[in-house]
Amino acid sequence: MYKHILLTVSLAIALVSCSSDKDETESDAETNSTAIIGTWDATELLIDNETASDDVKFGKQILDFLSDRDCYIITLQFNEDLSANATNSANYVEVNATATGLDIPCPSESDTNTSTYTFDGETVTTIDENGEELAIGVTIDGDIMTVDASDLDIPNFSEDGQLIFVKR
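Quick notes on the rules
- Residues numbered from 1 in each chain as written.
- Predicted model: local features only at pLDDT ≥ 70, side-chain atom pairs only at ≥ 80, totals over all residues.
- Heavy atoms only, no water.
- Phe/Tyr/Trp six-rings, centres within 6.5 Å; stacked < 30°, edge-to-face > 60°.
- Lys NZ or Arg CZ within 6 Å of the ring centre and 35° of its normal.
- Pairing = 2+ DSSP bridges.
- Helix = DSSP H or I, 4+ residues; strand = E, 2+ residues; numbered from the N terminus.
- Patch = residues over 30% accessible without salt bridge, like charges linked within 9 Å, V, L, I, M, F, W, Y side chains within 5 Å.
- Areas by Shrake-Rupley, 256 points an atom, 1.4 Å probe, with all protein chains shown as cover.
- Salt bridge = Lys/Arg side-chain N within 4 Å of Asp/Glu carboxyl O.
- Buried < 20%, exposed > 50% of the residue type's maximum accessible area, 1.4 Å probe, protein only.
- pLDDT = per-residue confidence, 0-100.
- Contact = heavy atoms within 4.5 Å.
- Core = buried A, V, L, I, M, F, W, Y, C linked by side-chain atoms within 4.5 Å.

Trainee: I keep staring at the packing of aromatic side chains and nothing clicks. Help me out?
Mentor: Two measures describe an aromatic ring pair: the distance that separates the ring centres and the angle between the ring planes. Applying the stated criterion to the full structure yields one aromatic pair. Sitting above the plane of the Phe65 ring, Arg69 keeps its charged end 3.6 Å from the centroid.

Take a look at the structure:
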């Protein structure tokens, strides 16, 4: 009798403790595809100072300066309905020389592009209103998204390097 009870309890524990790898894989894939949903602000440009052009170095300094003041000149928004908006104020940045140094006010104007997107956990593929496709390498770790800057078409931010976005 003791062996039967022990066998039944062991079998019950084994059945309850087993999980399906398929369910975990599907859950991971779903989590990866939805991790991008939300609004992301560019906060940093990681570059190699030895190889970066002066324009890229200056663009990095401007981005750092404005981000430190909670002014975000590049914002990406990915929606659940697979629509996306990219807001870019880089063309409207003004650098003013003052008696105390350079002043860079937060731009009040921006350009917005609307598109649709797909995300497979590693690559965001966007298709804009003109039917043009852009594939962008992306890594997401929690609320930090790293984008291969060379995949983007943003003046002074599109050389080799990584653009860091933080989720709001």
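Trainee: For this particular structure, what's the right way to read the pairing of strand 10 (residues 162-167)?
Mentor: It is a general feature of regular strands that their side chains alternate between the two faces of the sheet. Sheet topology places strand 1 (residues 38-46) next to strand 10; six bridges connect them, and they run antiparallel. Among the inter-strand pairings, Glu44 is bridged to a residue of strand 10, identified as Ile164. Across five bridges, strand 9 (residues 144-148) lies against strand 10 in antiparallel orientation. Residue Val147 lies in a different strand from strand 10, and its bridge partner there is Leu163.

Trainee: Looking at this structure, how should I read a nonpolar patch on the surface?
Mentor: Taken together, the side chains of Phe58, Val95 and Leu102 make up a nonpolar region of the molecular surface, amounting to roughly 260 Å² of accessible area. Following the sequence through the fold, Leu102 ends up in strand 5 (residues 101-103). The class of Leu102 is exposed, set by a relative accessible area of 56%.

Trainee: Looking at this model, I keep getting lost on the confidence of the model for the chain. Mind explaining?
Mentor: Detailed conclusions should not be drawn from predicted coordinates in areas where pLDDT is low. Taken as a whole, the chain shows an average pLDDT of 81; of its residues, 77% reach a score of 70 or greater. Predicted confidence is poor over residues 1-27, with pLDDT under 50, and the contacts of this stretch with residues over four places away or in other chains come to one contact.

Trainee: How should the nonpolar core be read in this particular structure?
Mentor: Side chains that are nonpolar tend, in soluble globular proteins, to be buried together. Counting 29 residues, the largest nonpolar core has Ile36, Phe78, Met145, Leu163 and Phe165 as its most contacted members. Those elements that place two or more of their residues in this core are strand 1, helix 3 (54-67), strand 2 (74-78), strand 6 (111-119), strand 8 (133-141), strand 9 and strand 10. At four residues, the largest contribution of residues to this core is made by helix 3. Setting aside its immediate chain neighbours within four residues, Phe165 contacts Trp40, Asp41, Ala42, Ile74, Leu76, Asp143, Ile144, Met145 and Val147.

Trainee: Quick question: what am I supposed to make of the pattern of salt bridges here?
Mentor: Opposite charge on two side chains permits them to pair, given that their charged atoms come into close proximity. Overall, the coordinates contain two salt bridges when judged by the stated rule. For the salt bridge of Asp41 with Arg168, the shortest nitrogen-to-oxygen distance reads 2.8 Å. Here Asp41, found in strand 1, pairs with Arg168, found in the segment after strand 10; they are 127 residues apart in sequence, far enough to count as distant. What makes Arg168 exposed here is its relative accessible area of 67%.

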